2 protein chains.
Amino acid sequence: MDEILKIDDVAKQSGLSKRTIRYYEEIGLLPPPPRSKGGTRLYTQEHVEFLKKITIAKEVLGFTLQELQHFISLRETLENQRADYRKVTDPKERKVKLAEIIEVLDDQLEMIEEKIEKILSVQSELKTLRERAQAAMVKINQELSNL
Amino acid sequence: MDEILKIDDVAKQSGLSKRTIRYYEEIGLLPPPPRSKGGTRLYTQEHVEFLKKITIAKEVLGFTLQELQHFISLRETLENQRADYRKVTDPKERKVKLAEIIEVLDDQLEMIEEKIEKILSVQSELKTLRERAQAAMVKINQELSNL
DNA sequence: AAAAAAATTGACGTTAACGTTAAATGTAAA
DNA sequence: TTTACATTTAACGTTAACGTCAATTTTTTT
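Definitions and limits used
- Residues numbered from 1 in each chain as written.
- Chains lettered and ligands numbered in written order.
- Predicted model: local features only at pLDDT ≥ 70, side-chain atom pairs only at ≥ 80, totals over all residues.
- Heavy atoms only, no water.
- Helix = DSSP H or I, 4+ residues; strand = E, 2+ residues; numbered from the N terminus.
- Rg over C-alpha atoms; globule rule 2.2 N^0.38 Å.
- Buried < 20%, exposed > 50% of the residue type's maximum accessible area, 1.4 Å probe, protein only.
- Areas by Shrake-Rupley, 256 points an atom, 1.4 Å probe, with all protein chains shown as cover.
- Lys, Arg positive; Asp, Glu negative; His and termini not counted.
- Charge placed at Lys NZ, Arg CZ, Asp CG, Glu CD.
- Contact = heavy atoms within 4.5 Å.
- Buried area = accessible area lost by both parts, 1.4 Å probe.
- Salt bridge = Lys/Arg side-chain N within 4 Å of Asp/Glu carboxyl O.
- Least-squares fit on C-alpha atoms with pLDDT ≥ 70 in both.
- Near = heavy atom within 4 Å.
- Polar contact = N/O pair within 3.5 Å; in protein donor to acceptor, adjacent residues only side chain to side chain.
- Nonpolar A, V, L, I, M, F, W, Y, C, P; charged D, E, K, R; others polar.
- Axes fitted to C-alpha atoms, helices over the stretch in contact; angles between N-to-C directions.
- Parallel < 35°, antiparallel > 145°, perpendicular 65-115°, else oblique.
- Arc of directions from axis to C-beta.
- Domains from an automatic or database assignment.

A. Structural context of the overall build of chain A. Looking only at helices and strands, chain A has six helices and zero strands in total. Along chain A, helices (α) and strands (β) appear in the sequence α-α-α-α-α-α when read from the amino end. What you see for chain A is a C-alpha radius of gyration of 24 Å, clearly larger than the 15 Å of a compact globule of 147 residues, by over 25%. Considered along the principal axes of its C-alpha atoms, chain A spans approximately 85 × 45 × 30 Å. Counting the 147 residues in chain A, one finds 33% classified as buried. A total of about 9,300 Å² of accessible surface is found on chain A, and carbon and sulfur atoms cover 51% of it. Across chain A, 25 positive and 26 negative side-chain charges occur, with their mean positions spaced 5 Å apart.

B. Region of the structure containing the interface of chain B and chain A. Residue-level contacts link 47 residues of chain B with 46 residues of chain A. Of the roughly 4,800 Å² buried between chain B and chain A, counting both surfaces, carbon and sulfur atoms make up 73%. Per-residue buried area on chain B facing chain A is highest for Ile119(B), Leu126(B) and Arg130(B); these three make up 12% of the total on that side. Summed over the shared surface of chain B and chain A, the number is eight salt bridges.

C. Structural view of the relation of the copies chain B and chain A. Screw-axis analysis of chain B against chain A gives a translation of 0.0 Å along the axis, an RMSD of 0.1 Å, and a rotation angle of 180°. Expressed as an axis order, the relation between the two copies is that of a two-fold axis. Here 98% of the interface residues in chain B have copies in chain A that are interface residues too; the copies meet face to matching face.

D. Examining the protein's contact with DNA strand D more closely. Around DNA strand D, the surrounding shell holds 21 residues, and the nearest of these are Ser17(A), Thr20(A), Tyr24(A), Ser36(A) and Arg41(B). The contact atoms of DNA strand D, taken as those within 4 Å of the protein, divide so that sugar and phosphate hold 75%. Within the side chain of Ser17(A), an N or O atom sits 2.6 Å from a phosphate oxygen of DNA strand D. Backbone polar atom of Asp8(B) to a phosphate oxygen of DNA strand D: 3.4 Å apart, as the coordinates give it. Broken down by secondary-structure element, the contributors of at least two residues to the surface near DNA strand D are helix 2 (18-26) of chain A together with helix 1 (7-14) and helix 2 (18-26) of chain B. The leading source of residues in the surface near DNA strand D is helix 2 of chain A, at four residues.

E. Focus on the protein's contact with DNA strand C. Around DNA strand C lies a shell of 20 residues, among which Arg41(A), Ser17(B), Thr20(B), Tyr24(B) and Ser36(B) are the nearest. Within 4 Å of the protein, the atoms of DNA strand C are drawn from sugar and phosphate moieties in a proportion of 74%. For the surface near DNA strand C, the secondary structure elements donating two or more residues are helix 1 (7-14) and helix 2 of chain A together with helix 2 of chain B. For the surface near DNA strand C, the per-class residue count stands at four nonpolar, eight polar and eight charged.

F. The arrangement of the packing of helix 1 of chain A against helix 2 of chain A in detail. Residues and elements named next belong to chain A. The contact between helix 1 and helix 2 brings their axes to 9 Å, and the two run at 100°. As the angle between them shows, helix 1 and helix 2 are arranged roughly perpendicular. Taken together, the residues of helix 2 that come into contact with helix 1 (itself represented by Ile7, Asp8, Val10, Ala11 and Ser14) are Lys18, Ile21 and Arg22.

G. Representation of helix 1 of chain B within the structure. Residues and elements named next belong to chain B. Within the sequence span of helix 1, burial applies to Ile7, Val10, Ala11 and Ser14. Along the long axis of helix 1, the arc covered by the buried residues comes to 100°, so they all point the same way. Directly after helix 1, the chain includes Gly15, whose backbone phi takes a positive value near 85°.

H. Geometry of the environment of Ile56(B). In this structure, Ile56(B) sits in helix 3 (residues 45-61). For the pair Ile56(B) and Leu5(B), spaced 51 residues apart in sequence, the C-alpha to C-alpha distance is 21 Å. Beyond its immediate sequence surroundings of up to four residues, Ile56(B) is in contact with Lys118(A), Val122(A) and Leu61(B).

I. Local environment of the domain arrangement of chain A. Residues and elements named next belong to chain A. For chain A, the assigned domains read domain 1 (1-63) and domain 2 (80-147). Between the C-alpha centres of domain 1 and domain 2 the distance comes to 26 Å. Broken down residue by residue, the surface that domain 1 buries against domain 2 is led by Val60, Leu61 and Phe63, which jointly contribute 98%. Applying the counting rule to domain 1 against domain 2 returns zero salt bridges.

Quick look at the structure:
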């Protein structure tokens, strides 16, 4: 299950174009995969999952690729808070970084809350429209049956 | 309370730039307001509300301006289903249009459902991250108090 | 090994959604 | 009315996020 994927497979599984995948690597969003001797990119399933997550976050949150980069680097910093890293780095420094991360996360979460509220308001407006349309449809059907 | 607003007021109230407001009019998204004798655009509060709604829909649904146009024309068609219009137009024709509208609305509503699901998944992932960060913070504080 | 299919880099092209600047005209304030 | 400020149109500029060649190499198939 450690299948090696080529760019076309990744494209199909992620729904992105090959160009887009290379582009994401170019701008530092997607970690560069190892290459074959000839230079062909060799991906794994992890890359696909990563791309899927990125895509969702982009779609849903309306993040630009830059914002996504920022976001991802946060996640990495958080992962670095583990094991060996702990023994190397000064706890006070780590604490500062952690505090920063938490702050950013809180901001993001707040932003998401706002988005959810807004999307719900749009949803309810659409539902109202739909009901009106339904009502109009009923009336028309009545009219039509009165002929 | 039928205040007349000039473009700068509208910009301030809507949060959009003057250029954007003119642009939206240019591409047919914002109905052209009346003009003064000299050619200055004279808006009302309604324009502001309209712009706010558009902005939210754009932000939240990730709609392009084209999609927004489509969406708005739907709304208008639906409003035309009223009163005098009814007497003029063939009911069968109206029925067809209504059916179209309902279909599109259903599609949109479905799309929104999907978006909500996705955004919730991102939210929960962020919450997990936040908890992890919190936990790490607690550990660090313990370490620090053990000195 | 030869042919066909896929991947790579490089470079230029594209589109939406405005930003910016300029020159001319209009409106409001003193 | 003069000064100062706002608005208008027109036109060119910009940026992100890719698309689209084209020429070359690799990889796969036969």
